[in-house]
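Listed below are the residues making up each chain.
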Amino acid sequence: MVNASLLLLAEALAMTACHRTRPIDDAGISIQQRITPQPPRVGPASVAIQLSDAAARPVEAVRITVEADMSHPGMSPVFAEARKEKPGDYLATLNLNMGGDWVVLTHVELPGGKKLERQMDLRGVASR
Amino acid sequence: MPATIPNPSRSGGHFDDPFGRDDEPDNHGFDLLRVPLIGSFLSWRHSRTVLQIPVLLVSVAMIVHGLLGPSLAPKNLATVLGWVHFRGALVLVLLCAGNFFCLACPFMLVRNAMRRFIQPRFNWPRPLRNKWIPVGLFALILFSYELFSMWSSPWITAWVIVGYFAAVLVIDGLFKHAAFCKFVCPIGQFNFIAATVSPTEVAVRDHEVCDSCRTNDCIRGRREPAADLVILQRGCELALFQPAKVGNMDCTFCLDCVHACPHDNVGILSRLPASELMTDPQRSGIGFFSRRKDIAALTVVFCFGALMNAFGMVSPVYAAESWLSIKLHIHQEAPILGLLFAFFLVVEPAVLLGLAGWVTLAWAGVRRAWLPLIVRYTYALVPLGFGMWLAHYGYHFFTGLYTIVPVTQSAFVDLGWPILGDPRWTLVGLPQAIVQPIEFGFLLLGLAGSLSIVWRLAEDDSEDHALRVFTPWATVCVLLFLASLWLMTQPMDMRATIMAG
Ligand code: SF4
Ligand code: SF4
Ligand SMILES: [Cu+2]
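Notes on the structure follow.

Analysis parameters
Residues numbered from 1 in each chain as written. Chains lettered and ligands numbered in written order. Predicted model: local features only at pLDDT ≥ 70, side-chain atom pairs only at ≥ 80, totals over all residues. Heavy atoms only, no water. Near = heavy atom within 4 Å. Helix = DSSP H or I, 4+ residues; strand = E, 2+ residues; numbered from the N terminus. Nonpolar A, V, L, I, M, F, W, Y, C, P; charged D, E, K, R; others polar. Donors = N, O, S within 2.8 Å, 3.2 Å for Na, K, Ca; no water. Buried < 20%, exposed > 50% of the residue type's maximum accessible area, 1.4 Å probe, protein only. Patch = residues over 30% accessible without salt bridge, like charges linked within 9 Å, V, L, I, M, F, W, Y side chains within 5 Å. Areas by Shrake-Rupley, 256 points an atom, 1.4 Å probe, with all protein chains shown as cover. Salt bridge = Lys/Arg side-chain N within 4 Å of Asp/Glu carboxyl O. Expected span 1.5 Å × (residues − 1). 1 Å grid on protein atoms, 1.4 Å probe; cavity = no way out; pocket = protein on both sides within 12 Å on 5 of 7 lines; lining within 4 Å. Points joined across faces, edges and corners; volume = space filled by probe spheres on them. Phe/Tyr/Trp six-rings, centres within 6.5 Å; stacked < 30°, edge-to-face > 60°. Lys NZ or Arg CZ within 6 Å of the ring centre and 35° of its normal. Axes fitted to C-alpha atoms, helices over the stretch in contact; angles between N-to-C directions. Parallel < 35°, antiparallel > 145°, perpendicular 65-115°, else oblique. Left-handed = near helix turned anticlockwise from the far one by under 90°. Contact = heavy atoms within 4.5 Å. Polar contact = N/O pair within 3.5 Å; in protein donor to acceptor, adjacent residues only side chain to side chain. Buried area = accessible area lost by both parts, 1.4 Å probe. Pairing = 2+ DSSP bridges.

Right, let's get into the site of ligand 1. Residues and elements named next belong to chain B. Around ligand 1, the structure places Arg48, Phe101, Cys102, Cys105, Met108, Phe180, Cys181, Cys185 and Gly188. Broken down by secondary-structure element, the contributors of at least two residues to the shell around ligand 1 are helix 5 (100-103) and helix 9 (179-183). By residue class, the composition of the shell around ligand 1 is seven nonpolar, one polar and one charged.

Quick look at the structure:
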C-alpha cells in the first residue's frame, strides 16, 4: 500500500499538464485520457478514454467509471459512467461544479474482473 | 438593543473592584458542573485525560494515514479530519459552549506524560511573556497554509501535526508551567480570542468564599498537609487566579482550578457572550486589555486573517495575484503572497483602525491617546472575525460533514480490514441551499456582537457624545461585514498554486 501510494504520488507529480495525452502501462494495457475543453472551466467536461494493449489493439472494458474530486477535502465529488463510442474508445461527461484544482480518477473494470485505476490532475478549472 | 443590556462597567462591578469582578452572583445563571452526569464527569480528576485519549488516538491515525495513506486530500483522514471536521467542530464548540478543545488537547496529554519523567528547569524568559510570538506564528501558519496549499496535502498536514507535538515537548520540556499554551501555541491563542464570545467561562461561584480562603489552592495547587512542597493537585498553570480572573483569555478549560479548590467553589458558568469585551477591568494573569498591544495585534490577525483565509479560496484572489505579478514582474508565489498578506494583515487594519481612532479623537474629543484608543476598540472586532471564521469553517464542516464516513471506510479497506464495508463516496454533506443561510446568520451575529461592544465602549468613553465615538468604529465594523459578505458570495476556487499560469 505504501508503494502504491508513493507511485500515485510520483505519478501525480509527473503530470503537471493534464491535457497532454498520457499513456500509462499496467498489465500491458495502456490507458489514454483526454479532457476537453482546454483550458478547463466550470461546467460539463468530456473525458475521452482509449484502452489498448501492447500491440496497440483496442481493448474492451466491462465498465469504466470516472470520478472527479476537488483537491480540497470535504467537497462533493462528481461521478460519470463512460459509454462505449467504438471498440476501445470510451467517453464520459463530468459536470465540474466548482472552480479550482480537480483530480480525475478513472476506474476500469476489465473482463475477468481485473481492475485498473488512473489518477490525473486537472488544475485550475476556471470558475465563470 | 444594546441599551437594554445592563452595563456591568457602570453598575459598579468592574471599575470599582480591584479584582474587576462582578459581585452579583446572579450574573451567572447556569453551571455546567452542576448538570447531572456531565457535571460529575467533568468534576472527576481524570476527566481531562479521558477526553484527551480519543483525540490523541485520532491524531495518531491522522499522522499515519497522512504519511502512508492516499495522497489525494479528499481520501485521506489527515486532510479530511484536519481541514473539514476539526476546524469546523472547533469554532462551533467555541460558539455554543467554550474552549473545550484545549480541555481535550492531545498535545497536553503527551506533555503531561513527559513531565512525569522530565521536570522543566527554566522559567519562560521575561521579554517573551506576551503574545508576540504567537502573533507571528499565527500569521505564519495562515501564510504557509496558502503557500504550501496545506489543505491539499495529507503529507504536509501530517508533518504539521508531528511538528506540533515536537514543539510542545521541547518547549514544555524546558520551561515550567504552561509556557507553550500561554506564550506559543497559535491554536490556543485562536481559541482564547474566540472564547471571549463563548457563552461559558471557568469562574468562581461565590466570591465571598474566596474572600475567606486562606490557601489559594486554585493557583498554588493543593499541597500535602504535612509537606507543603508536595503538590497533590496542581493549580492554574496559566497564572490565572480565580477570584481575580475575568473572562476566557488564556484559560484552557483544563479544570485544574476546579479540582484544586478545596471549597468546590469553581464552576463552568454561563454569562453573556462577549460581555468580557465590553469592559476593561484588570484581569488576573493578563492585566488590562487596553494596555496589551500584543493581544490587540493578535485580535487583528484573528479578524483580518479570517478574511484573508477566506479570500485565498475564492476566484478574485487569482486576479489580484496575477495583476500584482504582472505589475511587479515577480513570478514566484511567495513574494506575491507575502505582499497580499502584508496588505491585508498590516496595511489595511492600520489604515482602518488608525483613521477611526483619529476621527474619534478629532470629532468626539475622547480623552485618550491615539494608540491606546485604537487598542481598546480593536477588541470590538472579535465577534466579526469570529463570525467570518464560523461562516468559512462552518461552510466546509457542513457541506463536507459526511465525507468522514467513506474516508474512514477506505482507511480500513487500505489496512486490509474492510469491517466498515466499501467506501460510499457519494456521502458528502448538507446542501449549499441550507448551508448558505447559516453562513449569513454567522456573519450577522458577528456584526451585531461587534456593534454592541462598540456602543458599550463608546458610552463609557463619552456620555455626551457616545454616538460620535460609536460612528467611526461602527463604520469599520460595517465595512468588514460587507467585505465578509462579499467573500462568502464569491465563487469558490481552490487551487494549489494561486499564480495564474
Ligand atoms: S493552548 Fe495549545 S497546547 Fe495548550 S491546551 Fe490549548 S491547544 Fe493545547
Ligand atoms: S486552571 Fe487556569 S487555565 Fe485551567 S481552567 Fe482553571 S483558570 Fe482555566
Ligand atoms: Cu475554505
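What follows deals with the site of ligand 2. The environment of ligand 2 is made up of 13 residues, and the closest members are B:Cys236, B:Cys251, B:Cys254, B:Leu255 and B:Cys257. The class makeup of the residues in the shell around ligand 2 is nine nonpolar, two polar and two charged.

Residue and element names in this part refer to chain B. Protein coordination at the copper ion (ligand 3) comes from Met313 (SD), His392 (NE2) and His396 (NE2), with a distance range of 1.8 to 2.0 Å. In the primary sequence, the donor residues of the copper ion (ligand 3) line up as M-x78-H-x3-H. Linking Met313 in the loop between helix 14 (293-311) and helix 15 (316-328) with His392 in helix 18 (residues 382-399), this pair joins segments that are 79 residues apart in sequence. You'll find Met313 and His392 in the same group, each marked buried.

Another point: unusual backbone geometry. Looking along the chain, the bond that leaves A:Thr36 and enters A:Pro37 is cis, with omega of 0°. Looking at the element boundaries, A:Pro37 is found in the loop between strand 2 (29-36) and strand 3 (43-52). Phi is positive for B:Asn216, close to 55°, though the residue is something other than glycine. Checked against the element boundaries, B:Asn216 lands in the loop between helix 11 (207-211) and helix 12 (217-220). Even without being glycine, B:Phe253 reaches a positive phi, approximately 55°. Relative to the helices and strands, B:Phe253 resides in the loop between strand 3 (231-233) and helix 13 (256-260).

Residue and element names in this part refer to chain B. A cluster of nonpolar side chains, namely Phe343, Val346, Val347, Val351, Leu355, Trp358, Trp370 and Leu371, defines an oily patch on the protein surface of about 780 Å² accessible area. The leading source of residues in the nonpolar patch is helix 16 (residues 333-364), at six residues. Inspection of the secondary structure puts Val351 in helix 16. A relative accessible area of 45% places Val351 in the partly exposed class.

Right, let's talk about helix 18 of chain B for a bit. Given a rise of 1.5 Å per residue, 18 residues ought to cover 26 Å, and the 25 Å separating the end C-alpha atoms of helix 18 of chain B matches this to within 8%. Counted residue by residue, helix 18 of chain B has 18 buried out of 18 residues, so it is predominantly covered.

Quick look at empty space enclosed by the protein now. Rolled over the atoms, a probe with the dimensions of a water molecule shows which regions are left empty. All names here are of chain B. In this structure the tally under the stated criterion is seven cavities of 30 Å³ or more. Broken down by secondary-structure element, the contributors of at least two residues to the lining of the largest cavity are helix 11 and helix 12. Among the residues making up the lining of the largest cavity, the classes are represented as ten nonpolar, four polar and one charged.

Let's shift gears to the packing of aromatic side chains. Residue and element names in this part refer to chain B. Tallied over the full model, the rule gives 25 aromatic pairs over all chains. Where Phe107 meets Tyr164, the ring centres are 4.6 Å apart and the plane angle is 20°; that geometry is what we call stacked. Within this pair, whereas Phe107 is found in helix 6 (residues 106-115), its partner Tyr164 is found in helix 8 (residues 154-174), the two being separated by 57 residues in sequence. Overall, the relative accessible area of 8% leaves Phe107 in the buried class. Pairing Tyr164 with Phe180 gives two aromatic rings, centres 5.7 Å apart and planes at 80°, and the pair type is edge-to-face. With Tyr164 in helix 8 and Phe180 in helix 9, this pair connects stretches of sequence that are 16 residues apart. What makes Tyr164 buried here is its relative accessible area of 11%. Grouping aromatic residues by their ring pairs yields a cluster made of Phe138, Phe190, Phe302, Trp389 and Tyr393. The aromatic ring of Trp425 is capped on one face by Lys75, whose charged end is 3.8 Å from the ring centroid. The side chain of Arg283 reaches across the aromatic face of Phe289, ending 3.6 Å from its centre.

So, on to the packing of helix 14 of chain B against helix 16 of chain B. Residue and element names in this part refer to chain B. Running from amino to carboxyl end, helix 14 crosses helix 16 at an angle of 130°, the nearest separation of the two axes being 10 Å. When the interaxial angle is binned, helix 14 and helix 16 end up oblique. Seen along the crossing, helix 14 lies across helix 16 with a hand that is right-handed. When helix 14 is examined against helix 16, the residues Val300, Val301, Phe304, Gly305, Met308 and Phe311 are found in contact with a partner set consisting of Leu340, Phe341, Phe344, Leu345, Glu348, Pro349, Leu352 and Leu353. Of the residues contributing to the contact of helix 14 with helix 16, the split by class is twelve nonpolar, one polar and one charged.

On to the side chain of B:Thr378, then. Residue and element names in this part refer to chain B. Mapped onto the fold, Thr378 is located in helix 17 (residues 370-378). A distance of 2.6 Å separates a polar atom in the side chain of Thr378 from the backbone oxygen of Ile374. Excluding residues within four positions of it along the chain, Thr378 makes contact with Ala296, Thr299, Val300 and Leu353.

The next subject is the side chain of B:His65. Residues and elements named next belong to chain B. Considering the arrangement of structural elements, one finds His65 in helix 3 (residues 47-68). His65 sits in the buried class, given a relative accessible area of 8%. Residues within four places of His65 in sequence aside, it is in contact with Pro70, Lys75, Asn76, Leu77, Ala411 and Asp414.

Residues and elements named next belong to chain B. Counting through the fold element by element, Arg271 comes out in the loop between strand 4 (266-270) and strand 5 (282-283). Note on Arg271: relative accessible area 8%, which makes it buried. For the pair Arg271 and Val197, spaced 74 residues apart in sequence, the C-alpha separation works out to 9.6 Å. A polar contact is formed between the side chain of Arg271 and the backbone oxygen of Thr196, at a distance of 3.3 Å. Only 2.8 Å separates the side chain of Arg271 from the side chain of Glu276, close enough to count as a polar contact.

Listed by partner, the interface residues are 34 residues for chain B and 27 residues for chain A. In total, about 2,200 Å² of surface goes out of reach between chain B and chain A, with carbon and sulfur atoms giving 66% of it. Between chain B and chain A we count one salt bridge in total. In this structure, the salt-bridge partner of B:Lys75 is A:Glu67, at a minimum N-O distance of 2.6 Å. Applying the counting criterion to the chain B and chain A interface returns four residue pairs in polar contact (both at pLDDT 80 or more). Residue assignment for the side of chain B that touches chain A shows that the elements contributing at least two residues are helix 4 (77-96), helix 18 and strand 7 (493-494) of chain B. Among the elements that take part in the side of chain B that touches chain A, helix 4 of chain B stands out by supplying five residues, more than any other. The pairing of strand 8 (residues 99-109) of chain A with strand 7 of chain B spans two bridges and is classified as parallel. Bridge pairing links A:Gly100 to B:Met494 in strand 7 of chain B.

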